[in-house]
Amino acid sequence: MSPQSLLLAIMAIASYSASAFAPVTPYTSKTSTTTTQLKMAEEIKAAPMVTGEQLETMLQEWDTPLVVDAYATWCGPCLLMSPEFEAAAKDLEGKVRFVKLDTDLEPQMAGRLGIMGLPTLLFLDKNDDMEAVEQGKAPMAVLKERIEGALRKDSIVDLANYHFFGGPMPTQLS
């Protein structure tokens, strides 16, 4: 190849490569917008994380039964149970509130709740003795059950149905 041919080839490649850096106008389709909206919706959890302050408010402003998952990010059984807890929350959405409390981020609330092992599930319902609540003799929330250890979705749903809606007592938890 002659030096002139080589120079022409290099110039052709350079001009072709320069077009690769030309500004491109972004193309957004209705499909990509919908996909983005779906991804955002997936991020909204049926069982959101709460702070100790938010949980305290929930316990004072009572509207539906509450299941609290006290967990830690380093806890293996907690991580295994997390998708099961989320699935149970989706099954009972609108009937029971499900929330997650990170005990490492909220040690004071974990201490107040008496969390000693992880994961711990707390099944809380509104105190029926409103007279005692109004007189300050009883708390607004009543602990129906505390379970330490990971459970599957079906067991969580069965326990919620038993404690909050008069369903049959679960015979076996898994």
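Just above sits the structure.
Residues numbered from 1 in each chain as written. Predicted model: local features only at pLDDT ≥ 70, side-chain atom pairs only at ≥ 80, totals over all residues. Heavy atoms only, no water.

Q: Would you take a moment to explain the overall build of the protein for this structure?
A: Each helix and strand counted, the protein has seven helices and four strands in total. Put simply, the protein runs from its N terminus to its C terminus through helices and strands in the order α-α-α-β-α-β-α-β-α-β-α. In the protein, buried positions account for 34% of the 174 residues. For the protein, the accessible area works out to roughly 11500 Å², and carbon and sulfur atoms hold 58% of it. (Helix = DSSP H or I, 4+ residues; strand = E, 2+ residues; numbered from the N terminus. Buried < 20%, exposed > 50% of the residue type's maximum accessible area, 1.4 Å probe, protein only. Areas by Shrake-Rupley, 256 points an atom, 1.4 Å probe, with all protein chains shown as cover.)

Q: Is there a simple way to explain the sheet that holds strand S2 (residues 97-102) in this structure?
A: Strand order in the open sheet made by the four strands is S2-S1-S3-S4, with mixed pairing throughout. A single partner strand is all that each edge strand has here, and the edge strands are S2 and strand S4 (141-148). Geometrically, the sheet is characterised by an average inter-axis angle of 20° between neighbouring strands, direction not taken into account. The pairing of strand S1 (residues 66-71) with strand S3 (residues 120-126) spans five bridges and is antiparallel. Its bridge partner being in S3, Asp69 is matched across the sheet by Leu121. With respect to the sheet, helix H4 (residues 76-91) is in contact with S1, S2 and S3, its orientation differing from that of S2 by roughly 160°. (Pairing = 2+ DSSP bridges. Axes fitted to C-alpha atoms, helices over the stretch in contact; angles between N-to-C directions. Contact = heavy atoms within 4.5 Å.)

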